[in-house]
Structure formats: C-alpha cells, structure tokens
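Residues per chain are reported as follows:
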Amino acid sequence: MNGEARFCLQCATALSLQVQDEDGGPKERLRCTACGWTHWNNPTPVLAAIIECSDRGGQVLLARNAAWTHRMFALITGFMEAGESPEDGIRREVAEETALQVSALSLVGVYDFQRMNQVIIVYHALASGDVRLSPELAEYKLFAPQDLRCWRAGTGYGLADWLRSRGHEPQFIELPPRN
Ligand SMILES: [Zn+2]
C-alpha cells in the first residue's frame, strides 16, 4: 500500500481493506464501512524537465536535491497545482527551482514510477537566464548531452528517450542503494 490514508475523508471512520465488485471485477481497496467512501490511491502526476540551456551552448542542467544523502543529479521535478495545465506547471517549476525562463517546451514522454505511486510527465525545456536555485536544491551541474548518464527510474527513462531522439545512445548508471 502506497497510500497514507487511514481514515475516511468524508466521515473520519477508520478505513479497512474490503473487496467490492468494480468494473474490472472484485477488487480489494481501503474503503469506509460506514459511508462507502473508497480510497482509490490513484497515481499522482509529477512534472519533470530536461532543461537545455540555450545560452550555455546547449548544456543540460541537472540539480541535486538538498534532502538527498547521495550525490545524485537529476531532472527538475514538481507537482502540478490545481488550475494549471501541465505546460504551465513545468514552466512554473523551472522558474521556481532555477529562476530560468523557458522559451520552448516539448513533451518527451510519460513514465510510471510505481514505487512512489506517481506518473512522471517529462518535458524538454529550452531555457535561459541566470541560475538561482531554490532552497530545495543544493547544487546544479551542466552537462553536454553526450556526457549525461541515465538512471533506471521514471525520469531517467525520460532522459534516455530524449538522448536517443538527439542521436545519443544513453548510458545508464546504477543508483546507490536506498537508505
Ligand atoms: Zn466514511
């Protein structure tokens, strides 16, 4: 179970695993026995950007999250806000996290990230400006596309697909074990 829900959002009764017939057949989910509310636990959409710096010779910006204990550089990511399109959301995230301005966006692909119960929507973002990282990010690095290394998880597969589209065969690294 990835979901954190323990109580019904409608009536606050403790949820329990109950089998019910759904369109796809019998299915066990966390449900409320008092009012019938179901915790669907649908994956959350997450936006990610491969930032190509048009004013830095086409280098790609990867950043390290301040909360990570290992020295891993990754794509800029963030959750969509209510009331915005995915394109508006990734422009906002890039601006908030790096202060760069996006001049062009294209969709790279959509990837599952089941460990976090997320769907990752990966964009290529052409961007420029002075980099100012948000406090969430500890440092950034610029990479020539052919020097990028991919990782075997949602955003890493997106990076690999983008590299292939640019004629670079992606090289994968193994992530350090999770603690
Ligand atoms: Zn309830």
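Structural data are supplied above this passage.
Residues numbered from 1 in each chain as written. Predicted model: local features only at pLDDT ≥ 70, side-chain atom pairs only at ≥ 80, totals over all residues. Heavy atoms only, no water.

Caption draft 1: The arrangement of the overall build of the protein in detail. The number of helices and strands found in the protein is two helices and eleven strands. Going residue by residue from the N terminus, the α and β elements of the protein occur as β-β-β-β-β-β-α-β-β-β-β-α-β. For the protein, the spread of C-alpha atoms along the three principal axes comes to 60 × 30 × 30 Å. Burial status across the protein gives 40% buried among its 179 residues. Within the structure as shown, the protein displays about 10200 Å² of accessible surface, and the carbon and sulfur contribution to it stands at 48%. In the protein, 17 positive and 22 negative side-chain charges are present, and the distance between their average locations comes to 6 Å. (Helix = DSSP H or I, 4+ residues; strand = E, 2+ residues; numbered from the N terminus. Buried < 20%, exposed > 50% of the residue type's maximum accessible area, 1.4 Å probe, protein only. Areas by Shrake-Rupley, 256 points an atom, 1.4 Å probe, with all protein chains shown as cover. Lys, Arg positive; Asp, Glu negative; His and termini not counted. Charge placed at Lys NZ, Arg CZ, Asp CG, Glu CD.)

Caption draft 2: Molecular detail of the pattern of salt bridges. In total, this model carries eleven salt bridges according to the counting rule given. In this structure, Arg29 and Glu22 form a salt bridge, with 2.7 Å as the shortest nitrogen-oxygen distance. A relative accessible area of 17% means that Arg29 is categorised as buried. Given a relative accessible area of 22%, Glu22 falls into the partly exposed group. (Salt bridge = Lys/Arg side-chain N within 4 Å of Asp/Glu carboxyl O.)

Caption draft 3: The arrangement of the coordination of the zinc ion in detail. Only Cys8 (SG), Cys11 (SG), Cys32 (SG) and Cys35 (SG) from the protein coordinate the zinc ion, and they sit 2.3 Å from it. One way to put it: the four donor atoms around the zinc ion meet at angles of 101 to 121 degrees, and that makes the site tetrahedral. All donor residues of the zinc ion come from one chain, and their arrangement in sequence is C-x2-C-x20-C-x2-C. Of the two residues, Cys11 is situated in the segment before strand S1 (16–22) and Cys35 in the loop between strand S2 (25–31) and strand S3 (38–39); the sequence distance between them amounts to 24 residues. With a relative accessible area of 35%, Cys11 lands in the partly exposed category. Its relative accessible area of 37% is what places Cys35 among the partly exposed residues. (Donors = N, O, S within 2.8 Å, 3.2 Å for Na, K, Ca; no water. Tetrahedral: all angles 85-135°; square planar, octahedral: opposite > 155°, others 65-115°.)

Caption draft 4: Representation of helix H2 (residues 154–165). Across its twelve residues, H2 extends 17 Å between first and last C-alpha, which sits within 8% of the 16 Å expected from 1.5 Å per residue. Buried within H2 we find Gly154, Thr155, Gly156, Gly158, Leu159, Ala160, Trp162 and Leu163. Looking one or two residues beyond H2, the residue adopting positive phi is Gly167, at roughly 85 degrees. (Expected span 1.5 Å × (residues − 1).)

Caption draft 5: The environment of Val122, seen in detail. Its location among the elements puts Val122 in strand S8 (residues 118–128). Taking the C-alpha atoms as reference, Val122 lies 6.3 Å from Leu107; in sequence the two are 15 residues apart. Aside from chain neighbours lying at most four places away, what touches Val122 is Ala48, Ile50, Leu75, Ser106, Leu107, Val108, Gly109, Tyr111, Thr155 and Gly158. (Contact = heavy atoms within 4.5 Å.)

Caption draft 6: Region of the structure containing the sheet that holds S3. Spatially, S1-S2-S3 is the arrangement adopted by the three strands of the open sheet, whose pairing is antiparallel. Each edge of the open sheet carries a strand with a single partner, namely S1 and S3. As judged from the two bridges shared by S2 and S3, these two strands associate in the antiparallel manner. Of the residues in S3, the one forming a bridge with Leu30 is His39. (Pairing = 2+ DSSP bridges.)

Caption draft 7: Quick look at the packing of aromatic side chains. Scanning all chains against the criterion turns up one aromatic pair. Summarising the aromatic geometry, the rings of Tyr157 and Phe172 are spaced 6.2 Å apart at their centres and angled 50 degrees between planes, so their arrangement reads as tilted. Of this pair, Tyr157 sits in helix H2 while Phe172 sits in strand S11 (residues 171–173), placing them 15 residues apart in sequence. Taking relative accessible area as the criterion, Tyr157 reaches 36% and is therefore assigned partly exposed. Overall, Phe172 belongs to the partly exposed group, its relative accessible area being 24%. If you follow Arg152 out to its NZ or CZ, it ends over the ring of Phe172, 4.3 Å from the centre. (Phe/Tyr/Trp six-rings, centres within 6.5 Å; stacked < 30°, edge-to-face > 60°. Lys NZ or Arg CZ within 6 Å of the ring centre and 35° of its normal.)

Such coordinate-based values are descriptive only and should not be taken to indicate function.
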